[in-house]
Amino acid sequence: MESNGLCRFCDIVKGKFHYGDIDKPIAHNEEFYAIASIGALVEGWTLIIPYKHQLSMRKTYVNPLFLNLAGKVLPSLIEKYGSVIAFEHGANKEESITACGTDHAHIHLVPWEGSLFYKRNNYGMKWDQCRASEIADKANGKEYLFYAELGGKESWEDPLGVIHILENPTSQFFRKIIAEQLGRPEVSDYKIHPRLSVARQTRNTLVAPSF
Ligand SMILES: [Zn+2]
Ligand SMILES: [Zn+2]
């Protein structure tokens, strides 16, 4: 799939940085890169992104180069910030509101102690256990939300998480939950609250001096 030429994540691949140094990858290999997330509600919030413009990560979790990049990013995330959760808002069409404002696939890696699901009655939604490698089959072309707790694991190891199949698109689902759990629901929309200083701090903390 081609981007429409207005894709920030494709531009990063071309070396065009909309947010200056914040957009410079923390780590990369031949097919993936990682950046500090704009709009981070906690420091350390990182995205892993394929170079290729695609709508979701559903077929990507088994790519050895994805595993390679996760294995580069997770050790420093865990060393600096502790436990990590991972989640994806898996879209299936351009301009879906599920996709957090970008049509370019990415997974969120967020330092977080405990569970977003703790005592939350599963948000009144149906979630099935799912390994990352099973998402493509389980979602079967539909949009989905995927969440996994990586804890202190320093490599991807096909985590067992949960998946919710979306019947209707939903916007920034996990961001809203995190903002709520931090007691700051008003900052959940990253387009209104880009919080660039947090992203800058994440990058400064995680970036390898040689990069
Ligand atoms: Zn793109
Ligand atoms: Zn997202």
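Residues numbered from 1 in each chain as written. Chains lettered and ligands numbered in written order. Predicted model: local features only at pLDDT ≥ 70, side-chain atom pairs only at ≥ 80, totals over all residues. Heavy atoms only, no water.

Asks: So what's going on with the coordination of the zinc ion (ligand 1)? Which residues, and what values?
Replies: Within the protein, the atoms that donate to the zinc ion (ligand 1) are Cys7 (SG), Cys10 (SG), His53 (ND1) and His104 (ND1), at distances of 1.9 to 2.3 Å. One can describe the site at the zinc ion (ligand 1) as tetrahedral: its four donor atoms subtend angles covering 103 to 117° at the metal. A relative accessible area of 5% means that Cys7 is categorised as buried. On the basis of relative accessible area, His53 is assigned to the buried category, the value being 6%. (Donors = N, O, S within 2.8 Å, 3.2 Å for Na, K, Ca; no water. Tetrahedral: all angles 85-135°; square planar, octahedral: opposite > 155°, others 65-115°. Buried < 20%, exposed > 50% of the residue type's maximum accessible area, 1.4 Å probe, protein only.)

Asks: Summarise the pairing of strand β2 (residues 32-36); cite the residues concerned and give the values.
Replies: Taken across its five residues, β2 has five buried, putting it largely inside the fold. Judged by which residues are buried, β2 turns out to be covered on both faces: Phe32, Ala34 and Ala36 on one side and Tyr33 and Ile35 on the other are all buried. Bridge analysis of strand β1 (residues 27-28) against β2 gives two bridges, and the strand direction is antiparallel. Looking at the pairing, Ala27 lines up with Ala34 of β2. Hairpin connection from β1 to β2: three residues lie between these consecutive antiparallel strands. For β2 and strand β3 (residues 46-50), the ladder comprises five bridges, and the chain directions are antiparallel. Opposite Ile35, over in β3, you have Leu47 as the bridge partner. (Helix = DSSP H or I, 4+ residues; strand = E, 2+ residues; numbered from the N terminus. Pairing = 2+ DSSP bridges.)

Asks: Requested: an account of the environment of Phe66, with residues and values cited.
Replies: Position of Phe66 relative to the elements: it lies in helix α2 (residues 64-81). Taking C-alpha positions, Phe66 is 7.6 Å from Glu31, a pair spaced 35 residues apart along the chain.

Asks: Hey, could you go over the pattern of salt bridges for me, with residue numbers and the actual values?
Replies: A full pass over the atoms with the stated rule returns eight salt bridges. We note a salt bridge from Arg8 to Asp23, for which the minimum N-O separation is 2.8 Å. On the criterion of sequence distance, the pair formed by Arg8 in helix α1 (residues 8-13) and Asp23 in the loop between α1 and β1 is long-range, its members being 15 residues apart. Judged by relative accessible area, Arg8 falls into the buried class, the value being 17%. One salt bridge connects Glu186 with Arg184, and the closest N-O pair in it is separated by 3.8 Å. Among the charged side chains, a salt-bridge network with shared partners connects Asp11, Lys14 and Lys16. (Salt bridge = Lys/Arg side-chain N within 4 Å of Asp/Glu carboxyl O.)

Fair warning: the whole summary comes from geometry, so function is off the table for now.
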